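What follows is the residue order along each chain.
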Amino acid sequence: MLKQIGASALFAGLAAGVLAALLQLWFVVPLLLEAELYESGARAHFTDGYVGSDAGAPPLGDALGRHMGTLAINIVGWIGFGFVLAAGFALAARRGVAVDARRGLLWGLGGFTAVALAPSFGLPPELPGTVAAEITERQTWWAFTVVATALGLALMAFGRGPAWLAGGIAMIAAPHLIGAPHLDRYFGAAAPELAALFSTRALGVSAAAWAFLGLAAGWIWSREAQRA
Amino acid sequence: MTTKTIASSGALSDIATIAFAAVLGLGLIFAAGFSHAGGMHDVAHDSRHATGFPCH
């Protein structure tokens, strides 16, 4: 059991972390670097005689050490997601549900829904320079939403009968009925186009990496199960 | 009786293994996504923003 969990989590998590970092560096980090030009005041929006602001990101090559940090943290985080996912596989196996690559893909999409899509519904991925509510309040709501959504999805997937389904929907809805912490003013300095593209790209990269993590972890899981 | 004991201790160690894996995973996620210890915030800054974790 430990070997099966460890192999799925480590190999799939490592590969998913590298994939996520590469996709982030290609599609998301340039927008992040561009936003820092607004954050530092090097670029400004809606100044006197406004005729739009320049578009274009600084080159990635100017901060290679910084991007190695992004790679390292992604690997750590995605191996973490891999362990939680594989622990879920093991719980499912105890209930007689076998996981393979295809079912792993569904688990991965569930992970995306719980860890990226649901919290983003209340707290969109933040462009650097975003002024937002108190960090601990946002982290608390974020973590509560992730746990409630994951449990809600599990109730819907594994529960028997309409009461479990209704309970699952209620758990997924609850954080949004309570509402995420927000300020009562807007402070955005960067172009709204940039913030919107940043949020959708961050979600898209998460979707790709979660799908890959689930597929790869499920594939390794079923191979290890055949060996055991 | 012996068989039952072995079976239940096997189930117990399975649960312990699953719990260990989940706690290890959550610890790694906390380090990557939430921790402000040492230089963690600076190193993790870009990946936290890009993954949608609340950062500042």
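Rules behind the numbers
Residues numbered from 1 in each chain as written. Chains lettered and ligands numbered in written order. Predicted model: local features only at pLDDT ≥ 70, side-chain atom pairs only at ≥ 80, totals over all residues. Heavy atoms only, no water. UniProt positions renumbered as here; feature names shortened; annotations may be inferred. Helix = DSSP H or I, 4+ residues; strand = E, 2+ residues; numbered from the N terminus. Domains from an automatic or database assignment. Salt bridge = Lys/Arg side-chain N within 4 Å of Asp/Glu carboxyl O. Polar contact = N/O pair within 3.5 Å; in protein donor to acceptor, adjacent residues only side chain to side chain. Nonpolar A, V, L, I, M, F, W, Y, C, P; charged D, E, K, R; others polar. Contact = heavy atoms within 4.5 Å. Buried area = accessible area lost by both parts, 1.4 Å probe. Core = buried A, V, L, I, M, F, W, Y, C linked by side-chain atoms within 4.5 Å. Buried < 20%, exposed > 50% of the residue type's maximum accessible area, 1.4 Å probe, protein only.

We now examine the UniProt feature "transmembrane region" (unreviewed entry) in chain A. All names here are of chain A. When the UniProt feature table is mapped to this numbering, "transmembrane region" (unreviewed entry) covers residues 71-92, 104-121, 141-158, 163-183 and 203-222. Across residues 141-158, helical content stands at 100% and strand content at 0%; the span's end C-alpha atoms are separated by 25 Å. Annotated as residues 163-183, this span is 76% helix and 0% strand, and its ends, taken at the C-alpha atoms, are 36 Å apart.

Residue and element names in this part refer to chain A. With domains assigned, chain A is organised as domain 1 (2-130 + 190-227) and domain 2 (133-182). Of note, the centres of domain 1 and domain 2, computed from C-alpha atoms alone, are 20 Å apart. On inspection of domain 1 and its partner domain 2, the count reaches 1 salt bridge. Across the pair Arg138 and Glu126 runs a salt bridge, and its minimum N-O distance is 2.3 Å. Counting across the domain 1 and domain 2 interface gives 2 residue pairs in polar contact (both at pLDDT 80 or more). Tallying contributions element by element places helix H3 (residues 101-122) first for the side of domain 1 that touches domain 2, with 9 residues. Partitioned by chemical class, the residues of the side of domain 1 that touches domain 2 number 9 nonpolar, 3 polar and 2 charged.

Contacts between the two partners involve 37 residues from chain A, matched on the other side by 31 residues from chain B. Counting each side, the surface lost to burial between chain A and chain B is near 2900 Å², with a carbon and sulfur contribution of 73%. Together, Ile73, Gln139 and Trp142 of chain A form the three largest contributors to the area buried by chain A at its contact with chain B, with a combined 21%. A salt bridge links Arg66 of chain A to Asp46 of chain B; its shortest N-O distance comes to 2.7 Å.

Bringing the nonpolar core into the picture now. One finds Ile5, Trp78, Phe81, Val115, Trp210 and Leu213 of chain A to be the most contacted residues of the largest nonpolar core, which totals 35 residues. Among the secondary structure elements, those contributing two or more residues to this core are helix H1 (2-40), helix H2 (64-94), H3, helix H4 (135-158) and helix H6 (192-227) of chain A together with helix H1 (2-33) of chain B. Those residues in contact with Leu213 of chain A, other than ones at most four positions away along the chain, are Ala12, Gly13, Ala16, Trp78, Phe81, Gly82 and Leu85 of chain A. Among the nonpolar cores identified, the runner-up in size contains 13 residues, and Val28, Leu31, Ala190 and Leu194 of chain A belong to it.

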